[in-house]
Amino acid sequence: MNHIKFVVAGALALLGVLVIGGYLADPAPQATDRASAAAAGGTLRIGVDGTEPAYFKVDGVTKGFDYEMALGVAEGLGAKPEFKIMPFSDLFTALEAGEIDVIGSQVTETAERKQDYDFTTPYFVTYLSFLTPEDSTIKKRGDIDGKNVAVVDGTIHERYLAEQYEDVNVIKAKDEDGAIQAIASGKADAFFYDAPYTAPIIKRAPIALKESIVYPADDAPIGFVMQKDDPRKEQIDGILEQMILDGEWLKLKKTYFKEYPLSEVFKDKGA
């Protein structure tokens, strides 16, 4: 969620129990507690923002790329998963408070975020997109300069706009629907977001939208986010690497992102 939620954007698995929403009132676990939980498998509480195709439901059945990657990780850990759905902007607060153990929502790794959190080895990279009204004159990246562009607050998109474009006025929204409302009301000319997640947004938008611009960002890896020094990170890294090497990752990528070319990041790992 990004979402870049570049970001950008979590997590682990549903083998039999699905817990939606709600937070545990327990205090943040100490490192020794997390180590004991890791050794015994324990419970992994995964924060997600419920965005297709990362984590969503069809006829009551949970699906999603990040969801299925999390299932593989949980199986490797022998952990009991709990998924907690919340707005993307609340995920990091919940992680810091110890209400969740990992974030599994297409979070992009950045130098700033790595100062405060640990990221697992990448399990995807970011593809960026600008959504605009169908009659928009925005057709190429140079057309973004001087425009009002909506982003989901808390994602990495705001920084990317500042780094890659000139004279852009950022309109912060709480979530995707808020960003689309900014376009519908005339406050924003475009919505800057992760390309893989635009199809359901276009479908439910109250106005006719199109994906005017799409481009890859192979230098923006996506990983599950954890508290600093969580002892489970090294084991999760190994599980993710094995999922890539044994073909499971590529199968999921073709299921949920078949229209996107394979990133050099994963070619280098043998995918």
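Notes on the structure in this doc start here. (Residues numbered from 1 in each chain as written. Predicted model: local features only at pLDDT ≥ 70, side-chain atom pairs only at ≥ 80, totals over all residues. Heavy atoms only, no water.)

As for the sheet that holds strand E4 (residues 80–85)
Point 1. Strand order across the open sheet formed by five strands is E4-E1-E5-E12-E6, with mixed pairing between neighbours. Single-partner strands in this sheet number two, and they are E4 and strand E6 (117–119).
Point 2. Sheet topology note: the strand E1 (residues 43–48)/E4 ladder contains six bridges and is parallel. Note on E4: the bridge partner recorded for Gly 47 is Lys 84. (Pairing = 2+ DSSP bridges. Helix = DSSP H or I, 4+ residues; strand = E, 2+ residues; numbered from the N terminus.)

Overview of the packing of helix H2 (residues 65–77) against helix H8 (residues 233–245)
Point 1. Their axes nearest at 9 Å, the elements H2 and H8 cross at an angle of 120°. As the angle between them shows, H2 and H8 are arranged oblique. Both H2 and H8 take part in a crossing whose hand is right-handed. Of H8, the residues touching H2 (which contributes Glu 68, Met 69, Gly 72, Val 73, Gly 76 and Leu 77) are Gln 235, Ile 236, Ile 239, Leu 240 and Met 243.
Point 2. In terms of residue class, the contact of H2 with H8 is built from seven nonpolar, three polar and one charged. (Axes fitted to C-alpha atoms, helices over the stretch in contact; angles between N-to-C directions. Parallel < 35°, antiparallel > 145°, perpendicular 65-115°, else oblique. Left-handed = near helix turned anticlockwise from the far one by under 90°. Contact = heavy atoms within 4.5 Å. Nonpolar A, V, L, I, M, F, W, Y, C, P; charged D, E, K, R; others polar.)

A look at helix H6 (residues 176–184)
Point 1. All of the buried residues in H6 are Glu 176, Ala 179, Ile 180, Ala 182 and Ile 183. For H6, the angular spread of buried residues about the axis comes to 150°, placing them on one side.
Point 2. On its buried face, H6 sits against strand E7 (124–133), strand E8 (148–152), strand E9 (169–173), strand E10 (190–194), helix H7 (198–204) and strand E11 (209–222).
Point 3. N-cap assignment for H6: the residue whose side-chain oxygen lies 3.4 Å from the backbone N of Asp 177 is Asp 175.
Point 4. Once H6 finishes, Gly 186 follows within two positions and takes phi at roughly 90°, a positive value. (Buried < 20%, exposed > 50% of the residue type's maximum accessible area, 1.4 Å probe, protein only. Arc of directions from axis to C-beta. Polar contact = N/O pair within 3.5 Å; in protein donor to acceptor, adjacent residues only side chain to side chain.)

Everything listed here is a matter of coordinates, which is why it stays silent on function.
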